[in-house]
Structure formats: C-alpha cells, structure tokens
Amino acid sequence: MAELIEVRNLKKYFKVPAGYNHAVDDVSFTIRKGETLGVVGESGCGKSTLGRAIIRLHEATDGQVLLNGEDITHIKGRALERVREKMQIIFQDPYSSLNPRMTIEETIREPLQYSGRFRKRADLDAETNRLMDLVGIDERLRASYPHELDGGRRQRVGIARALALNPEFVVCDEPVSALDVSIQAQVLNLLMDLQEELGMAYMFVTHDLSVVRHISNNICVMYLGQLVEKAPTDELFENTLHPYTKALLSAIPSVDIDHPMQRIQMRGEITSPINPKPGCRFASRCPYATEACSQPQKLEEVSPGHFVSCCRVKEVN
Amino acid sequence: MSEKQNEAFLSVKDIEVIYTSGKKIVHAVNGVSFDMKRGETLGLVGETGAGKTTIARAILRILPDPPAIFKGGRIELDGVNLIDLTEEEMLKIRGDKIAMIFQDPMTALNPLMTVGDQILEVLQLHNKSESKEELIKRAGDMLELVNIPRERYGEYPHQFSGGMKQRVVIAMALACDPQLLLADEPTTALDVTIQAQVLDLIRELREKYQTSMILITHDLGVVAETCDKVAVIYAGEIVEYGDKRSIYKHTTHPYTIGLFDSLPDISVQANRLKPISGMPPDPTDLPEGCAFSPRCPYATEECRAAHPQLREIAPGHFVRCCLRGKEE
C-alpha cells in the first residue's frame, strides 16, 4: 500500500526554564493515501505539536518525517516550498485563524496567488469561485469580512484556504471543537465528502473520541507526548486495551439515560511533561499501576495492527 | 393552583430581554417561563446565542444595562419577586441565596488574589458578624470540600490547573450555602476526564446540601448525567420542556430531535452525520411564525404563518410546535 506519510521516532522538545518539555516523545506511525488518522488526547498531550512538527511548522528535535518516501525533516528553501503546497492545516479556532482585515474572497485567493499557478486574473477568479462553491460558501459572502460570518462558515473558509492548492495531506487540528453540535455535524460531513472527492489524507487531531470514531480509519491515543494505543478504529472501540483509553472512553457523558457509562476513576490530573521520569507516564493516575510500571514501556503489537504501551495489558484485560 | 405555586421555589414567568445594538434590537429572551422545586436540577440546553446565559443573568439581575433591557416578566424566589427588589437588597441575595458558577474559570478568578482570600471575600460579605479567623477557617473548609488541600489557601490562580480553578470557582459559589446555583457551562472549558470529576463533585455536593441548580449547557450528555428536568431553548424561547425521561425517550420537537441526531454516536460506526440544515436565526430579525421553521424538515405554511404556543402533549411534557402538538 502507498504510504503517504511516515513518521519515525519523532521527537519535539521545548526548552523551558526547568528543563525540557517533552511535547512529542518518540512517536511513530504511517498514514496511507486518502486515509484518516485520528489522534486523540487531552489538552497538553502534544497532539497539536505532533501535527505541526509533521508539516514543518515546528522543527523536529529528533526523528524523521517522510512524505511519499522522501525525507522532509530538514529540507529547506525551494524544496520546502514545494512540500508546503502538499501539506496543509485547518486550525481549531476559526475566530482567530482568519485575517480580520481581509475579505473572504481575498483570504481564499491568497494561497492561489502565492503559488503562481494562475497567470490570468480570470483564472484566479474562476478558481476562487470553484473553491467557495466546493466548501459551500455562498457567492454573496465574497466581499464579507470574517466578523460578519458565524463559526461554521468561518471554518468553511479555513477549509477552502487549506484545500486551495490541492494538498495530499491535511492536518485538521480540532476543526470542529469551537462549533455547536448541529454545525459540527455539517462541517464533519463536508470534510468527509471532500476527502472522498479529492482523495487527500487527514490527520485529525481532537480530544473528542466520538468525533474520531466517525471520521478515522486508524486512531492513535496520546498521553504526555507518547502513543499509548494505536489501532484500526473499530478494533480500538470494540477491543479497548490501554487503561488510559478505557478511562477516556468512560468519561464521555452518555445521552443514553437507561445505560449510563460505568466510569473508570482516574486519579488527579495530567502530570507535567517537563523532564518526565522513565516509566509509564500514566502510572500516577492509573487504577491498575504497580511497581513494574516504573520501568520504561514499549509500544507492542498485541494483535495485528493493534499496538499498546502497557506492561500490565494482560492482567488489566 | 395555589398549592402548586407554593411548591415552586423558583418561578420564572414570561421574562423578556432585549439587547440594543445601534439601531438594531436583539431579541435575546422572548417570554420564558418555568418553575422549579427545591432540590431540583433543571438543564437549559441550546446552541450558542439561544439565550441560555441571558436567562441566568436575568435571574441574578446581572445583565449589563445598557445594552440589555429587561422588558418584562417576574422572577420569584420563595414568593419574592426579584425584579421588585432594590440593588441593595439584591446584593444580599447574590452569592448568598443565589450563586453562579461561570463558564471560564480562567477569567472568573482574580489573578491578583490568593484563591483562599477569594473564597474569604464571599464569606465576609455575607457574614459580617463573624470573626475573620473563623471565616478563614471556613474558607479552608470550602477548599477541602472541593478536594483541594487547605495548604494551598495562599496560592494564586495561575498556580492551579484548569480543573482545579473550576473547583475553586465552585467552592466560592457554595461558600454561603446558596439555595439556588446557576451553573453556566461549568465544564465546557475542561477536558472530558476533568469534566467527569467536576460533574461528580457538583452532583455529590448538591445531594449533600439539597441545592437547586440550573445547569446551562449545550451538551446533551452532561444533562443526561446531571439533571431532573430539561428545557430546550431555541431563539430565546423554550421549545420543549419536561422531565429528563420524557425529553430523552419521547423527544418530540423537531429541533430537539435534530440536536440528538447530529450528535456523533460513539457506540456505532456510521459514516455520515445528520446535521440540522441551515443556521440559527438572526435574533435581530426573527422569522414571523415558528422560529425553527426555516430549518425544520416538517415545516408547512401554517408553521411559517403563526407563532406556536407551548402545549402540554403529555403530563408535564410541553412542546412548542404547530404540528407535533396536534398529532398526539
């Protein structure tokens, strides 16, 4: 199968006064053409940093990122510009990711102009119209400014801009978290339709497990910079193995009033990613933790395609 | 009738609030009424801009005036109409009888005061006769109540995580043992795991102190876990109201049905979601008939022409819909 993105042992550390923040710590996975990888975790787990490091908005501390087999981790200049056209990002907050002083039309046209693919003004306008149509933004809004639009429409503008240059890979960084449920469903459907039509791959970063279930082929669960579980979507939901994934699933309030979720109690809150100790980073909150958990953990394949990083996975399940 | 009124501990009748914005008038709350019994929890559910927060602020009389104008209605707490009270009398009620938990714990706390002193401030305002030492001890007790060690009394909000800050806000709200708690999206800014902890805490404390609560949220899952009664708000009106079971099991209003349908269901893998088409109406220019009719898949001419009234379709279950009220 064609691997579009391959991430090998990627690390991104940030220097802070107290030492190093291990935002992304030794993460590996692949994404195939046209597929969606969901990356789930709580705030501060490093999921956004991971997305940004892959598309070179952050310089990786260590490890490699391959796009179509080519190592793009440290490329520069022209080569990087060429790669940037293929990798785009949709940001979380449509209220702050659009320039308030540019009209919708100008915002969507900007990447097209920058690419130099359209010499004639008429072509440029035609392409801008096509993109607005593609994401379902009404013609009459072309001269509007972002503040005149509601969140759902603003996010559509963000999507049009990201898709302007036909990328092969799009990082969707919590693209629906700021939206109301009824609008969230509209935008998720749009993203899925566009993928079917245009065939790009998504890395879908979110804290919402029910959203990833709908959109992803594979899911990675992240905790404090590391992957704790990685599996095809159905497998992850039907055969959840890692204690953290289980706790995360059980914390979602259910609308089924007759069968409320049995909640797995997680102690305390997320610990600090600054200079972490070598053992399992979830151990301090894990209801199953023992002595053995202070040893370094490895992501191991327990069934085909299902990886878990927990030394007590057998006892726990 | 009179007996029923005595039973209601909070009674909100036909409140109407508008905001003025230049020449435009925003119709934020358009005739909302509900009753609450002591110890009950009411969930106010709706999307951004539906008027949920405005209702809560109207009850506490903290609407910014201008631009907000309270056009009419009664808000009775234990038989006293809060609207008739002077500002001075209202000060005694806020924080003492009615307290509010705000959405964003990052901005609800004063960054220049220690968390303990912020709780102490509430206690001092409402317990003028007691000594400071006694109140400091009680502020410490409040911290422990929300599972924060007393030793952290002297720390500042920035030294706390989001979930802990929200617990401090809860401790402040509960400090004077209020009869009514207004919780405005208390967990929206938190991660699911921390949300679960905070909801458990709110539930425990409510049971312990028999506090009544109005919980404002857009999350139907949170309502399912916390509330007894539910009011669904759309364009400043209650469109469906009843106890939790009738709303969740006999969902009737097309908007409420749409809300449930648009939720991604974690238990099944379905490819497409079912969103509600269109956008919420512009509150400066509400549609003539039913406010939901432009987005409603069942809307008829009748819906667009006449504004529907809230009708009781089953005991205690009210729906504002021209079509659904009749069928049954």
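Residues numbered from 1 in each chain as written. Chains lettered and ligands numbered in written order. Predicted model: local features only at pLDDT ≥ 70, side-chain atom pairs only at ≥ 80, totals over all residues. Heavy atoms only, no water.

### Focus on the overall build of chain A
Next up, step 1: Summing up its helical and strand segments, chain A has ten helices and twelve strands in all.
Next up, step 2: Taken against the 2.2 N^0.38 rule, which gives 20 Å for 317 residues, the C-alpha radius of gyration of chain A at 21 Å falls within 12% of a compact globule.
Next up, step 3: Residues counted as buried form 54% of the 317 residues belonging to chain A.
Next up, step 4: For chain A, long-range pairs separated by at least 24 residues make up 64% of all intrachain contacts whose partners lie at least 6 apart in sequence.
Next up, step 5: Summed over all atoms, the accessible surface of chain A reaches about 14,000 Å², with 48% contributed by carbon and sulfur.
Next up, step 6: The averaged location of the 43 negative side-chain charges in chain A is 6 Å from the averaged location of its 38 positive side-chain charges. (Helix = DSSP H or I, 4+ residues; strand = E, 2+ residues; numbered from the N terminus. Rg over C-alpha atoms; globule rule 2.2 N^0.38 Å. Buried < 20%, exposed > 50% of the residue type's maximum accessible area, 1.4 Å probe, protein only. Contact = heavy atoms within 4.5 Å. Areas by Shrake-Rupley, 256 points an atom, 1.4 Å probe, with all protein chains shown as cover. Lys, Arg positive; Asp, Glu negative; His and termini not counted. Charge placed at Lys NZ, Arg CZ, Asp CG, Glu CD.)

### Examining helix α6 (residues 181-198) of chain A
Residue and element names in this part refer to chain A.
Next up, step 1: Its 18 residues give α6 an end-to-end C-alpha distance of 26 Å, which sits within 8% of 26 Å, the value for a rise of 1.5 Å per residue.
Next up, step 2: Counting buried residues in α6 gives 14 out of 18 residues, a clear majority hidden from the surface.
Next up, step 3: Where α6 terminates, the next one or two residues include G199, which has phi positive at roughly 75°. (Expected span 1.5 Å × (residues − 1).)

### Side note on the packing of aromatic side chains
All names here are of chain A.
Next up, step 1: On inspection of all chains with the given rule, the structure shows nine aromatic pairs over all chains.
Next up, step 2: Consider the rings of Y13 and Y20, whose centres lie 6.5 Å apart with planes at 50°: the pair is tilted.
Next up, step 3: When its relative accessible area of 22% is taken as the criterion, Y13 is described as partly exposed.
Next up, step 4: Residue classification places Y20 among the partly exposed residues on the basis of a relative accessible area of 39%. (Phe/Tyr/Trp six-rings, centres within 6.5 Å; stacked < 30°, edge-to-face > 60°.)

### Brief notes about the side chain of R312 of chain A
All names here are of chain A.
Next up, step 1: Inspection of the secondary structure puts R312 in the loop between β12 (306-308) and α10 (313-316).
Next up, step 2: This buried residue, R312, is left without a salt bridge; E315 holds the nearest opposite charge, at 4.2 Å.
Next up, step 3: Among residues more than four places away in sequence, those in contact with R312 are Y288, T290 and C293. (Salt bridge = Lys/Arg side-chain N within 4 Å of Asp/Glu carboxyl O.)

### Quick word on the sheet that holds strand β5 (residues 70-71) of chain A
Residues and elements named next belong to chain A.
Next up, step 1: Strand order in this open sheet of four strands is β2-β1-β4-β5, and the pairing throughout is antiparallel. Edge positions in the open sheet fall to β2 (19-32) and β5, since each of these has one partner strand only.
Next up, step 2: Sheet analysis places strand β1 (residues 3-16) next to strand β4 (residues 62-67), joined by five bridges and oriented antiparallel. Bridge pairing in β4 links I5 to L67.
Next up, step 3: Seen against the sheet, helix α1 (residues 47-54) touches β1, β2 and β4 and runs at an angle of roughly 120° to β1. (Pairing = 2+ DSSP bridges. Axes fitted to C-alpha atoms, helices over the stretch in contact; angles between N-to-C directions.)

### So, the interface of chain B and chain A
Next up, step 1: Taken together, the contacts link 44 residues of chain B with 42 residues of chain A.
Next up, step 2: Between chain B and chain A, the buried area comes to about 3,700 Å², and carbon and sulfur atoms account for 53% of it.
Next up, step 3: Taken together, the connections running from chain B to chain A amount to five salt bridges.
Next up, step 4: We note a salt bridge from D193 of chain A to R272 of chain B, for which the minimum N-O separation is 2.5 Å.
Next up, step 5: Secondary structure elements with two or more residues in the side of chain B that touches chain A: α7 (162-174), α8 (192-209), α9 (220-226), α10 (244-249) and α11 (254-262) of chain B.
Next up, step 6: Sort the elements by how many residues they give to the side of chain B that touches chain A and α8 of chain B lands first, with eight residues. (Buried area = accessible area lost by both parts, 1.4 Å probe.)

### Overview of the confidence of the model for chain A
Next up, step 1: Model confidence for chain A is summarised by a mean pLDDT of 91, while 100% of its residues fall at 70 or above.
Next up, step 2: Within chain A, β12 of chain A carries the highest mean pLDDT (97), whereas α10 of chain A carries the lowest (86). (pLDDT = per-residue confidence, 0-100.)

### With respect to the pairing of β2 of chain A
All names here are of chain A.
Next up, step 1: Bridge count between β1 and β2: eleven bridges; the pairing is antiparallel. Across the sheet, residue Y13 finds its bridge partner in β2, namely H22.
Next up, step 2: Taking the residues that link successive antiparallel strands as the turn, the β1-β2 hairpin has two residues.

### A closer look at the environment of P232 of chain A
Next up, step 1: Relative to the assigned elements, P232 of chain A resides in strand β10 (residues 226-232).
Next up, step 2: Ignoring sequence-local partners within four residues, the contact set of P232 of chain A consists of N217, N218 and G305 of chain A.

### Focus: the pattern of salt bridges
Next up, step 1: Within this structure, the stated rule accounts for 40 salt bridges over all chains.
Next up, step 2: Of the charged contacts in the structure, one is a salt bridge between D234 of chain A and R213 of chain A, with a shortest N-O distance of 3.5 Å. Note that D234 of chain A is positioned in helix α8 (residues 233-238) and R213 of chain A in helix α7 (residues 209-215), a separation of 21 residues in sequence.
Next up, step 3: The residue E237 of chain B makes a salt bridge to R320 of chain B at a minimum N-O spacing of 3.8 Å. Residue E237 of chain B is found in strand β10 (residues 237-243), and its partner R320 of chain B is found in strand β12 (residues 317-320); the two are separated by 83 residues along the sequence.

### Re the sheet that holds strand β1 (residues 10-21) of chain B
Residue and element names in this part refer to chain B.
Next up, step 1: On the basis of which strands lie adjacent, the open sheet formed by four strands has the order β2-β1-β4-β5 and antiparallel pairing. Only two strands of the sheet have a single neighbouring strand rather than two, namely β2 (24-36) and β5 (80-81).
Next up, step 2: For β1 and β2, the ladder comprises ten bridges, and the chain directions are antiparallel. Counterpart to L10 in the pairing with β2 is M36.
Next up, step 3: Sheet strands touched by helix α2 (residues 52-60): β1, β2 and β4 (68-77). Its angle to β1, the strand with the most contacts, is close to 110°.

### Some details on the pairing of strand β7 (residues 169-173) of chain A
All names here are of chain A.
Next up, step 1: With respect to burial, β7 is a largely interior element, five of its five residues being buried.
Next up, step 2: Note that strand β6 (residues 87-90) and β7 share four bridges and pair parallel. Looking at β7, one finds that I89 is bridged to V171.
Next up, step 3: Pairing between β7 and strand β8 (residues 201-206): five bridges, direction parallel. Along β8, the bridge assignment pairs D173 with V205.
Next up, step 4: Remark: the β7/α6/β8 crossover connection has right-handed handedness. (Right-handed = clockwise from strand over helix to strand, strands pointing away.)

### With respect to the nonpolar core
Next up, step 1: In this structure, I119, I170, Y248, Y255 and L259 of chain B are the most contacted members of the largest nonpolar core, which totals 64 residues.
Next up, step 2: Considering each element in turn, this core owes the most residues, eight residues, to α7 of chain B.
Next up, step 3: Other than its neighbours up to four places away in sequence, I119 of chain B contacts A139, M142, L143, A171, M172 and A175 of chain B.
Next up, step 4: Of all hydrophobic cores here, the second largest spans 60 residues; its members include M132, F204, V221 and M266 of chain A. (Core = buried A, V, L, I, M, F, W, Y, C linked by side-chain atoms within 4.5 Å.)

### Some words on the confidence of the model for chain B
All names here are of chain B.
Next up, step 1: Looking at chain B as a whole, its pLDDT mean stands at 89, while 96% of the residues score no less than 70.
Next up, step 2: Per-residue pLDDT stays below 50 along residues 1-6; that stretch engages in one contact with residues further than four places along the chain or on separate chains.
Next up, step 3: Two numbers describe this predicted complex: its pTM, 0.87, and its ipTM, 0.81.

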